[in-house]
Amino acid sequence: MRVWIALALLLALFSVTTAQESETAIETDWECPPGFEGQTLSLFNWATYIGENTVADFELLCGVTVLYDVYDSDEVLLARMRQGNPGYDAAFPTDYIVDIMRVEGLLAEIDLANIPNIANIGEQYLDQNFDPGNLHSVPYVWGTTGIGYNIEAVGYEITEWEQVFECECRVAWLDSTRAMFGIALTILGYDPNTTDADEIAAARDYLIENSGNVVAIAADDGDALLAQGEVDIAIEYGGDVGQQIVDCECEELQYVVPSVGGIIDFTSIVLLADGPNPELAQVWMDYVLQPEIQASITNTVLYPTPNVAAIEAGLIEEDFQNSSSVAIPEEVMEETFFIENVGPDAELLYNDAWDEVKILTGL
Amino acid sequence: MGNQVISRAGVGTAVQTTAQGFRADMAVRSIGKVGLLVTPIFSYFFLWAPIALLVLFSFNDSRGVDTWRGFTLRWYENIFAGTMGGEARFATDLMLSALGNTLFVSSIATVIATILGTMIALSLVRGNIPGKKVIDSILYLPVVIPEITQGVSLAIFFKLIFDFVESSTGVNGTPGFGSIIIGHVVFNISYVAIVVRARLANMNPRLEEAANDLGANQWQTFMRITFPLILPGVIAGALLALTLSMDDLVVTFFNSGVGNTTLPVFVHGLIKTSVTPEVNALSTLMLLFSTVIVGFSLFLQNRYTDRPYNNR
């Protein structure tokens, strides 16, 4: 049949591979420990959450094959690993997911002696609550959730979460249960990771009472609404707003992490339990933490790097490193919080309360 | 025909005698006429406007897919960069290998599902199996149950099978293309069977009897009479199966192993950073490709339905 011939032709067209080059695209003095030639490393990550040449260079330096599969959310990664690891060595989950995976025994232990490059990571990014002593994870990139706003439309500078709720303008909330409740709890003076039912109820009431200026609860497209002028303020991820600021080349779009209660998140590389090649996975971790490599990743994905050595060597693009979503003043950084794993019972309370907010605000 | 004329006349006179100025039935009729004109316009607008936008934004000179910033062909150039000898971007490479996986899985799943589905349809319409009604209604089950249920139950099923095989033979099975293809066949069979059965039910059974009468055996009758007549239905079923299979995200994801990323899984994986216009460009090419296939199948269908013996 002609259709199948056409299909076969198309397949053949796409399976033509480019010739292997002998030089790495990024100059680095990192050397692969011997003895891994011909082996395979299986990575599980988001699709474009990596540098342009990170994988190809690693294959070249170590003489290995890298299989790179993608998932679309932390929850999906968790669901897959709970079914049993189908054969991945390393994945790239967010902080609280690392905690859940660690507690559930889905992660294997790292021998930090295999990862000398961890010395390049700033101390403030190591030994976090979600993985004390970095027994299972090494820092990859980090990010914040804050306020993206159009300073011309709003008319004044924004520095606090309260201003978002009081503003007489159009606001987009972020469709992230724990982020929105963390914000409300901070404003009310509670622990943003509380498990107390009354405090969660109070935060819910605060959100409902102060929803008058909300025009959308955006699932990760608040930055686009902001850029298109549909809203004046968007509670959004710093990286997304930063991308819009770069794209529009304009003065009026701003991003700010509030002076109290900004949300911070880490992406880590974790060593998965029951993976086929944990040794090579640790070599991979050491490779990624090499300043030039981690810098090239950050310059591609535009999430800030924890690699202090790379920053000090000036390897990160200057405009990005100095932008408001990266260069966050120390006193603001100290007031940020992580969204932590609160356990299934509290998680249920949060989800129910968020549903009530959505129903009562009609958004 | 005669009946209709009489009844129409009857209604007309009845209304004339009761209603004076305002003719309710005429109002309904004229609204209906406008409705008949407007409905397809709206339906086609909602059907095609998003697709038109997708094509338009594949030429957008910006990394985002939401704001228009000028015309470019670079996303198309990127797609073909690797095959034209240039340097392919990492994401483009991933996307193309995902497309290759998708075409591989969906074409095999479509062939198997079409054969099995056609066989089921034949045995349901022509056969005389006990419990036909029950089988008939079970056929609709994969069409109505949520995809996530299907995906997870299949994953559990495969895990049980693998565990059983491992404990009895020591062979360690892992999910891979095999389990994805089986998963796709499972939900595709129903769609194919339903489409083919509709076609089969419309076919005049006397044609087969006539063929038998004229000395053709069962196989000859099937190959020369039945199959050519239901072929448009089989092709329609196969196209439906191909589309569903290429689209599928949930069943694929829960049953895939290492190295099985398909295009829908890849596109979802872009969410963390941003969906690039390369996806739009690739979708546009695929749209072009499927338009050609559908056009081809319509051409086939016309050729077959034009034959005189197909009319009752």
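It should be emphasised that the depicted structure is a prediction, and the values quoted were computed from it without experimental measurement.

Conventions adopted
- Residues numbered from 1 in each chain as written.
- Chains lettered and ligands numbered in written order.
- Predicted model: local features only at pLDDT ≥ 70, side-chain atom pairs only at ≥ 80, totals over all residues.
- Helix = DSSP H or I, 4+ residues; strand = E, 2+ residues; numbered from the N terminus.
- Buried ≥ 20, exposed ≤ 12 C-beta atoms within 10 Å, placed from the backbone.
- Contact = placed C-beta atoms within 7 Å.
- Rg over C-alpha atoms; globule rule 2.2 N^0.38 Å.
- Axes fitted to C-alpha atoms, helices over the stretch in contact; angles between N-to-C directions.
- Parallel < 35°, antiparallel > 145°, perpendicular 65-115°, else oblique.
- Left-handed = near helix turned anticlockwise from the far one by under 90°.
- Nonpolar A, V, L, I, M, F, W, Y, C, P; charged D, E, K, R; others polar.
- Domains from an automatic or database assignment.
- Core = buried A, V, L, I, M, F, W, Y, C linked by C-beta atoms within 7 Å.
- Arc of directions from axis to C-beta.
- Pairing = 2+ DSSP bridges.
- Expected span 1.5 Å × (residues − 1).

*Asks:* I'm lost on the overall build of chain B in this one. Help?
*Replies:* In terms of helices and strands, chain B carries 13 helices and zero strands. In sequence order, chain B lays out its α and β elements as α-α-α-α-α-α-α-α-α-α-α-α-α. Looking at the 312 residues of chain B, the share that counts as buried comes to 30%. Excluding contacts between residues fewer than 6 apart, the proportion of contacts in chain B whose partners are at least 24 apart in sequence is 76%.

*Asks:* Whenever I open this one, the overall build of chain A confuses me. Can you help?
*Replies:* Of the regular secondary structure elements, chain A holds 16 helices and ten strands. The C-alpha radius of gyration of chain A comes to 22 Å, within 12% of the 21 Å expected for a compact globule of 363 residues. The principal-axis extent of the C-alpha atoms belonging to chain A is close to 60 × 55 × 45 Å. Relative to its full complement of 363 residues, chain A shows a buried share of 47%. Across chain A, contacts joining residues at least 24 apart in sequence account for 75% of those joining residues at least 6 apart.

*Asks:* Teacher, can you tell me more about the packing of helix H4 (residues 90-125) of chain B against helix H8 (residues 177-201) of chain B here?
*Replies:* Packed helix pairs are characterised by how far apart their axes lie and by the angle those axes make with each other. All names here are of chain B. Between H4 and H8, whose axes approach to 6 Å, the crossing angle comes to 40°. Comparing their axes, H8 and H4 come out oblique. Viewed along their axes, H4 and H8 form a crossing whose handedness is right-handed. Of the residues belonging to the contact of H4 with H8, the class tally is 21 nonpolar, seven polar and one charged.

*Asks:* Where do I start with the domain arrangement of chain A in this structure?
*Replies:* Many authors give the size of an interface as the accessible area that is lost as the parts come together. Residue and element names in this part refer to chain A. When the domains of chain A are assigned, the result is domain 1 (18-142 + 265-321) and domain 2 (144-264 + 328-361). Taken over C-alpha atoms, the centre of domain 1 sits 29 Å from the centre of domain 2. On the domain 2 side, the residues contacting the nine residues of domain 1 number nine residues. Take the side of domain 1 that touches domain 2: its biggest share by element is four residues, from helix H4 (residues 95-103). Of the residues that constitute the side of domain 1 that touches domain 2, the class distribution is five nonpolar, one polar and three charged.

*Asks:* Just to check I follow, could you spell out the packing of helix H7 (residues 177-187) of chain A against helix H8 (residues 197-209) of chain A for this structure?
*Replies:* All names here are of chain A. The contact between H7 and H8 brings their axes to 9 Å, and the two run at 95°. Considered as vectors, H7 and H8 are oriented roughly perpendicular to each other. Residues Met180, Phe181, Ala184, Leu185 and Ile187 of H7 lie in contact with H8, whose contacting residues are Glu199, Ile200, Ala203, Tyr206 and Leu207. Its residues assigned to classes, the contact of H7 with H8 comprises nine nonpolar, no polar and one charged.

*Asks:* Sorry if this is basic, but what is going on with the nonpolar core here?
*Replies:* When a protein is soluble and globular, its nonpolar side chains tend to lie buried together. If you look at the biggest cluster of nonpolar residues, it comprises 79 residues, and the most contacted ones within it are Ala90, Val270, Leu272 and Trp284 of chain A together with Phe266 of chain B. When near neighbours in sequence (up to four residues on either side) are disregarded, Ala90 of chain A contacts Leu43, Ile269, Val270, Leu271, Leu272, Ala281 and Trp284 of chain A. Judged by nonpolar contacts, the second largest core, of 41 residues, contains Leu174, Met180, Ile200 and Val357 of chain A.

*Asks:* It is not clear to me how helix H3 (residues 74-81) of chain B should be interpreted in this structure. Could you clarify?
*Replies:* Within an α-helix, residues lying three or four positions from one another point in the same direction, as the helix has 3.6 residues per turn. Buried residues of H3 of chain B: Trp75, Asn78 and Ile79 of chain B, and no others. Each buried residue of H3 of chain B lies within a common arc of 100° when the element is viewed along its axis, so the set occupies one face.

*Asks:* Quick question: what am I supposed to make of the pairing of strand S5 (residues 171-174) of chain A here?
*Replies:* Strand residues, when the strand is regular, have side chains that alternate between the two faces of the sheet. Residue and element names in this part refer to chain A. Here S5 shows no split at all, with Val171 and Trp173 on one side and Ala172 and Leu174 on the other all buried. Here four bridges tie S5 to strand S6 (residues 214-218), and the two strands are oriented parallel to one another. Each bridged residue has a counterpart across the sheet, and for Leu174 the counterpart in S6 is Ala218. With two bridges joining them, S5 and strand S7 (residues 233-237) adopt parallel strand pairing. Within S7, the residue paired with Ala172 across the bridge is Ala234.

*Asks:* What is the right way to look at unusual backbone geometry in this model?
*Replies:* Peptide bonds are, in most cases, trans, and in most cases residues other than glycine have a negative phi. All names here are of chain A. Although it is not a glycine, Asn134 adopts a positive phi angle of roughly 50°. The topology assignment puts Asn134 in the loop between H4 and strand S4 (137-150). Its identity is not glycine, yet Leu302 carries a phi of approximately 60°, on the positive side. For Leu302, a count of 22 C-beta atoms within 10 Å translates into the label buried.

*Asks:* How do you make sense of the environment of Asn172 of chain B when you look at a structure like this?
*Replies:* Following the sequence through the fold, Asn172 of chain B ends up in the loop between helix H7 (147-169) and H8. A tally of 8 C-beta atoms within 10 Å means that Asn172 of chain B is categorised as exposed.

*Asks:* Quick question: what am I supposed to make of the pairing of S7 of chain A here?
*Replies:* Residues and elements named next belong to chain A. The buried count for S7 comes to five of five residues, which makes it a mostly enclosed element. Where S4 and S7 come together, five bridges link them in antiparallel fashion. Paired with Tyr149 across the strands is Ile233, a residue of S7.

*Asks:* Explain helix H16 (residues 343-361) of chain A to me, please; I cannot follow it from the model alone.
*Replies:* All names here are of chain A. For H16, with 19 residues, the first-to-last C-alpha span of 27 Å sits near the 27 Å given by 1.5 Å per residue. Of the residues making up H16, those classed as buried are Tyr350, Ala353, Trp354 and Val357. Within H16, the buried residues cover an arc of 100° as seen down the axis, which keeps them to one side. Structural note: H16 exposes Pro344, Asp345, Leu348, Asp355 and Ile359 on the side pointing more than 90 degrees away from its buried face.

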